[in-house]
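# Overview (structure and organization)
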Amino acid sequence: MSRNEGKRLVAVSNRLPLAIFEEDGAWQVRAGQGGLATALYPVMKRNQGVWIGWPGCSQDAPFEKLLGDFSREEGFTLVGVPLSEEETEKYYWGFSNQSLWPLFHDLLGYCHFNLDHWHTYLEVNERFANVMARTLRQDDLVWVHDYQLIMVGAALRRLGLRQTLGFFLHIPFPSVDLFWRLPWKNKILEGLLQYDLVGFQTRRDWRNFVQCVLALVPESEIKARRRYYTVLQVGDHRVNAGHFPISIDFASFDEDARLPEVAEEAEAIKANYPGQTLVLGLDRLDYSKGIPERFLAFERLLEKYPELREKVTLLQVVVPSRTLVPDYQNLKEELDQLAGRINSRFSEGGWTPIHYFYRSLNRTQLLAHYRACQIALITPLRDGMNLVAKEFCAASVDLNSVLVLSEFAGAAEQLAEHALLVNPFDVDGTADAINFACCMDAEEKKRHMLHLRSSVENNDVHRWVKRFVQHM
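Let me sum up the structure you'll find in this document. Here the structure is a predicted model, which is why all the values come from computation and not from measurement.

### A closer look at the state of the cysteines
- This structure, assessed with the given rule, holds 0 disulfides.
- Between Cys393, a free cysteine, and Cys373, which holds the nearest cysteine sulfur, the sulfur-to-sulfur gap is 14 Å.
- The closest cysteine sulfur to the non-disulfide-bonded Cys439 is located on Cys438, 6.4 Å from its own sulfur.
- Taking relative accessible area as the criterion, Cys439 reaches 56% and is therefore assigned exposed.

Pasting the structure below:
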């Protein structure tokens, strides 16, 4: 039996796994449906755990009562950390998403470094730590999630707390040369080194972190190297750093993809594009996702392989995100213009090469798109994991589809052997890969997809949680 068996797990994330909203004059709570919530809910219920985070509503909402009612229903405790609009603006929209997010995604040109935002980031992380200190028991396992809360561990240690602390970074970790650009790089590293276990998505992220520590923290040294983790000695403190690739609930996607309403919706989508090979692009609006490069690659496909014209269609779904941020508004305008130009150039006889939708999909629609499309074109410029790639495989129950995947997505480390890997900056190479996928025969598609599905099934999100908690 693991020595962690029976200990209470305390999860800490920027947002709680729920939505609080006002409807018809009454406050409502809706449970979250994300992958992290799906994975941690059973663990939380089993040992009456605690989840701490921002409730995502204004301070006017009676969030404490709402969270108390929700906690009693769910069987574990939710604790809210209230944030003002100014704090959200500077800590979340500011430092987290204008400094750390682009820097960690190798997109230095989008970085904005602001001292006021950094100070607010520290203050909010300290606020989280203070709320946690009032909640924690001596033998709790504390698992902090993602780039918004890197400094929580350091704030807890200053308060004298000595519980086992784990941290998982859901986004990439940059190379030494890139990380060096951050004005507060040493403070960020000092914060990460206060945890007992620091987890990353890929071996590359894990190696980047270890190299940054060795380059920037003079008293650090490697005490042991293992297959999945490194033991670092920093002064009198030891830190384990390893890679723990996150995944999805395979069984849920596989089961739901077979539902009659999903099959019916998938047939309706295919009926709108008779005789077409459907290529799916599905992304949140973000400059890290490589959507403009994807449009240019599809244009190059039609130039190099004119025989595919009127036979292949790109269905690109862009989910609205950060719509008030200028960089994201500019990206939306660029996508509108690119799709319009390419369609005006190639459309003929009722065929339009790119069908571009700016909207969200419910679960049935999402699964139907996965089943209807024969090719998934997932080409981020940089991504921590990209769970869409794994969802597509889990929902491809007909075994007649191909995954075209960026080599800069974290998922490529696991899925490389049976996906078609591309460099999203190589427009010609991506076009060639799409053509290859279009020409692949049914048996080859089936063979590769069976392997992809098996890999995702054997390494699902529940195994990810178990591995991380055991290593803590």
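Picking up after the structure, the text goes on.
### Structural notes on the packing of aromatic side chains
- Enumeration over the complete set of coordinates arrives at 27 aromatic pairs.
- Relative to Tyr356, the ring of Phe295 lies with its centre 5.9 Å away and its plane at 80°, an arrangement referred to as edge-to-face. One end of the pair, Phe295, is in helix α11 (residues 291–304); the other, Tyr356, is in strand β14 (residues 354–358), and 61 residues separate them in sequence.
- The class of Phe295 is buried, set by a relative accessible area of 0%.
- What links up through ring pairs into an aromatic cluster is the set Tyr91, Phe95, Phe113, Trp118, Tyr121 and Trp184.
- Above the face of the Trp101 ring, Arg322 is positioned so that its terminal group lies 4.9 Å from the ring centre.

### Digging into the sheet that holds strand β11 (residues 237–243)
- If you trace the 9 strands from one edge of the open sheet to the other, you get β5-β4-β1-β6-β7-β8-β11-β10-β9, paired in mixed fashion. Edge strands, defined here as strands with exactly one partner in the open sheet, are β5 (77–80) and β9 (220–225). Strand-to-strand, the axes of this sheet are offset by a mean angle of 20°, without reference to chain direction.
- Its contacts with the sheet place helix α8 (residues 203–216) against β8 (197–200), β9, β10 (229–234) and β11, and it is angled at close to 15° to β10.
- Against the sheet, helix α18 (residues 461–471) touches β6 (141–145), β7 (164–168), β8, β10 and β11, its axis set at about 125° to β6.

### Topic: the sheet that holds strand β17 (residues 420–422)
- If you trace the 6 strands from one edge of the open sheet to the other, you get β14-β13-β12-β15-β16-β17, paired in parallel fashion. Looking along the sheet, the strands with just one partner apiece sit at the ends: β14 and β17. Strand-to-strand twist of the sheet, defined as the mean angle between neighbouring strand axes without regard to direction, takes the value 20°.
- Relative to strand β15 (residues 375–378), strand β12 (residues 277–284) is paired through 2 bridges, and the arrangement is parallel. Bridge pairing in β15 links Val279 to Ile375.

### Remarks on the pattern of salt bridges
- Inspection of the entire model under this criterion finds 28 salt bridges.
- Between Asp196 and Arg157 there is a salt bridge, with the nearest N and O atoms lying 3.1 Å from each other. Here Asp196, found in the loop between α7 (185–192) and β8, pairs with Arg157, found in helix α5 (residues 152–158); they are 39 residues apart in sequence, far enough to count as distant.
- For Arg157, a relative accessible area of 12% corresponds to the buried category.
- Across the pair Arg203 and Glu413 runs a salt bridge, and its minimum N-O distance is 3.5 Å. With a gap of 210 residues between them, Arg203 in helix α8 and Glu413 in helix α15 (residues 412–415) connect regions that are remote in the sequence.
- Residue Arg203 is classed as partly exposed on the basis of its relative accessible area, which comes to 30%.
- Given the relative accessible area of 35%, Glu413 is considered partly exposed.
- One connected set of salt bridges, linked through shared partners, spans Glu299, Arg300, Glu303, Lys304, Arg341, Arg345, Asp428 and Asp432.

### Points about the packing of helix α9 (residues 250–257) against helix α14 (residues 387–395)
- Relative orientation of the contacting elements α9 and α14 amounts to 50°, with a least axis distance of 8 Å. With respect to α14, the axis of α9 lies oblique. Crossing hand, α9 versus α14: right-handed. Here Phe250, Phe253, Asp254 and Ala257 of α9 lie close against α14, whose contacting residues are Glu391, Ala394 and Ala395.

### Observations regarding helix α16 (residues 427–439)
- With 13 residues, α16 should reach 18 Å at 1.5 Å per residue; the first-to-last C-alpha distance of 19 Å fits that figure.
- Those residues of α16 hidden inside the fold are in contact with α11, β15, β16 (402–406), β17 and α17 (442–458).

About the cut-offs
- Residues numbered from 1 in each chain as written.
- Predicted model: local features only at pLDDT ≥ 70, side-chain atom pairs only at ≥ 80, totals over all residues.
- Heavy atoms only, no water.
- Disulfide = S-S within 2.5 Å.
- Buried < 20%, exposed > 50% of the residue type's maximum accessible area, 1.4 Å probe, protein only.
- Phe/Tyr/Trp six-rings, centres within 6.5 Å; stacked < 30°, edge-to-face > 60°.
- Helix = DSSP H or I, 4+ residues; strand = E, 2+ residues; numbered from the N terminus.
- Lys NZ or Arg CZ within 6 Å of the ring centre and 35° of its normal.
- Pairing = 2+ DSSP bridges.
- Axes fitted to C-alpha atoms, helices over the stretch in contact; angles between N-to-C directions.
- Contact = heavy atoms within 4.5 Å.
- Salt bridge = Lys/Arg side-chain N within 4 Å of Asp/Glu carboxyl O.
- Parallel < 35°, antiparallel > 145°, perpendicular 65-115°, else oblique.
- Left-handed = near helix turned anticlockwise from the far one by under 90°.
- Expected span 1.5 Å × (residues − 1).

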